Amino acid sequence: MDILETIVANKRQEVARQKKAVPLDFLLGSGAQQLSSPTCSMRRSLEASQSGIIAEFKRRSPSKGWLHPGAKVDDVVPAYEKGGASACSILTDSDFFGGSFGDLRRARSLVKLPLLRKDFIIDEYQLYQARMLGADAVLLIAASLTWKECKTFAAIARQLDMEVLLEVHKEEELQHLNEYVDMLGVNNRNLGTFNTDIDNSFRMIERMKAEAGTGSNAPLPVSESGISDVNVIKQLRDAGFRGFLIGETFMKTKDPGETLAAFIGKIETDEK
């Protein structure tokens, strides 16, 4: 069993426990106020941004272990907003990434940035959770879903006024594209082995354009993982990407927000 299969198997058990403890009807009833609150478009924020950085808050990863075990949302996420991030990705998986629902809920109370709930979505229940916690967008991972599941979940997210970032790693997974996908992400990290190869984005972009189109209604291209060089951002942008999800580069440092601000400063300087 590879790492993704291990995580998904654990997630199925975790979600089953959550549904038993907090049935959907109760969840919706207790979160009625949040459900009626407006969401913020992550896609539009990325389109309007000079950097397109989706700064990620995560304490650990399955491959690298603890990156910043003592990291607090109160310290990092507002600093990301101040430092110029276009959006923020919040890991809510506890067992493998050290995240929590409380991290997303707290982030929502602190910033106006579009927030992405990053987790392994395998049940529609998690979409309602995401909306109740304050997410503006959700991640759907093609490798862990069937085509039918992906379309169903994306449609529910749209009904809940959340945007969808569909993540693929290889060409065959582009078959999961559907009309409810707002952003199309290429993960440069193989979720089976967790090995990272930034060239995966460059290999995938032309096929992405062919499958998704390039018009105003086409999903916005996003490159995920393994990005640590501003020159790579420029190359990816030239290739057609408009969003760049970066976590480890910032979170492994003492002050992730300061590291992000310096990173974006270099991007803006290079573009002048």
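Details of the structure are given in the entry above.
Everything numeric in this text was worked out from a predicted model, so none of it was measured. (Residues numbered from 1 in each chain as written. Predicted model: local features only at pLDDT ≥ 70, side-chain atom pairs only at ≥ 80, totals over all residues. Heavy atoms only, no water.)

Asker: It is not clear to me how the pairing of strand β5 (residues 115-118) should be interpreted in this structure. Could you clarify?
Answerer: In summary, the side chains of a regular strand alternate between the two faces of the sheet. In β5, alternate side chains face the same way, and those of L115 and R117 on one face and L116 and K118 on the other are all buried. Bridging between strand β4 (residues 87-91) and β5 involves four bridges; their strand directions are parallel. Along β5, the bridge assignment pairs L91 with K118. Traced from β4 through helix α6 (residues 101-110) to β5, the parallel crossover comes out right-handed. (Buried < 20%, exposed > 50% of the residue type's maximum accessible area, 1.4 Å probe, protein only. Helix = DSSP H or I, 4+ residues; strand = E, 2+ residues; numbered from the N terminus. Pairing = 2+ DSSP bridges. Right-handed = clockwise from strand over helix to strand, strands pointing away.)

Asker: Any chance you could explain the pattern of salt bridges here in plain terms?
Answerer: When their charged atoms lie close together, side chains carrying opposite charge are able to pair. Taken as a whole and assessed by the stated rule, the structure comprises 20 salt bridges. E47 serves as the salt-bridge partner of R43, at 3.3 Å between the closest nitrogen and oxygen. A residue pair is termed a helical-turn pair when its members lie 3 or 4 positions apart in one helix, as R43 and E47 do in helix α4 (residues 42-48) at four residues. Residue E47 is classed as partly exposed on the basis of its relative accessible area, which comes to 42%. (Salt bridge = Lys/Arg side-chain N within 4 Å of Asp/Glu carboxyl O.)

Asker: Explain the packing of helix α5 (residues 73-83) against α6 here, please?
Answerer: Two packed helices can be described by the angle between their axes and the distance between those axes. Between α5 and α6, the least distance of the axes is 10 Å, while the angle of their chain directions is 50°. As the angle between them shows, α5 and α6 are arranged oblique. Classified by chirality, the crossing of α6 by α5 is right-handed. Contact residues: α5 offers V73, D74, V77, P78 and E81, while α6 offers D103, R106, A107 and L110. (Axes fitted to C-alpha atoms, helices over the stretch in contact; angles between N-to-C directions. Parallel < 35°, antiparallel > 145°, perpendicular 65-115°, else oblique. Left-handed = near helix turned anticlockwise from the far one by under 90°. Contact = heavy atoms within 4.5 Å.)

Asker: Sorry if this is basic, but what is going on with the packing of helix α1 (residues 3-21) against helix α7 (residues 125-133) here?
Answerer: Axis separation between α1 and α7 bottoms out at 11 Å; the angle between their running directions is 65°. Our classification of the angle between α1 and α7 gives roughly perpendicular. Crossing angle aside, the handedness with which α1 passes α7 is left-handed. Between α1, through K11, V15, Q18 and K19, and α7, the contact on the second element is made entirely by Y125, Q126 and Q129. Considering only residue class, the contact of α1 with α7 consists of two nonpolar, three polar and two charged. (Nonpolar A, V, L, I, M, F, W, Y, C, P; charged D, E, K, R; others polar.)

Asker: I'm lost on the sheet that holds strand β7 (residues 163-168) in this one. Help?
Answerer: Backbone hydrogen bonds hold the strands of a sheet together, and the pairing may be parallel or antiparallel. Read around the closed barrel, the eight strands follow the order β1-β4-β5-β6-β7-β8-β9-β10; overall the barrel is parallel. Taking each pair of neighbouring strands and ignoring which way they run, the sheet shows an average axis angle of 25°. Here strand β6 (residues 137-141) pairs with β7 via five bridges, running parallel. Across the sheet, I141 pairs through a bridge with E167, a residue of β7. On top of the sheet, α5 reaches β1 (53-57) and β4; it is set at about 180° to β1, its chief contact.

Asker: Looking at this structure, I do not really get α1. What am I missing?
Answerer: Residues three or four positions apart in an α-helix share a direction because the helix packs 3.6 residues into each turn. With 19 residues, α1 should cover 27 Å at 1.5 Å per step; its first-to-last C-alpha distance of 27 Å lies within 8% of that length. Of the residues making up α1, those classed as buried are L4, I7, V8, K11, E14, V15 and Q18. One side of α1 holds all its buried residues, which, seen down the axis, span an arc of 130°. Those residues of α1 that are exposed and angled more than 90 degrees off the buried face are Q13, R17 and K20. If you follow the buried residues of α1, they end up packed against α6 and α7. The backbone nitrogen of L4 has a side-chain oxygen 3.2 Å away, supplied by the residue at the start of α1, namely D2. (Expected span 1.5 Å × (residues − 1). Arc of directions from axis to C-beta. Polar contact = N/O pair within 3.5 Å; in protein donor to acceptor, adjacent residues only side chain to side chain.)

Asker: Can you walk me through the state of the cysteines in this structure?
Answerer: One way to say it: the disulfide is the covalent bond shared by the sulfur atoms of two cysteines. Taken as a whole and assessed by the stated rule, the structure comprises zero disulfides. In this structure C88 is not part of a disulfide, and its nearest cysteine sulfur, from C40, lies 12 Å away. On the accessibility criterion, C88 (0% relative accessible area) is buried. (Disulfide = S-S within 2.5 Å.)

Asker: Just checking my understanding: could you explain the nonpolar core for this structure?
Answerer: Soluble globular proteins: nonpolar side chains tend toward being buried together. Counting residues in hydrophobic clusters, the biggest one holds 87 residues, and the most contacted among them are M42, I53, Y80, L140 and L166. Among the elements that take part in this core, α7 stands out by supplying six residues, more than any other. When residues no more than four places from it in sequence are discounted, the contact partners of L140 are I121, L145, C150, F153, A154, V164, L165, L166 and E167. (Core = buried A, V, L, I, M, F, W, Y, C linked by side-chain atoms within 4.5 Å.)

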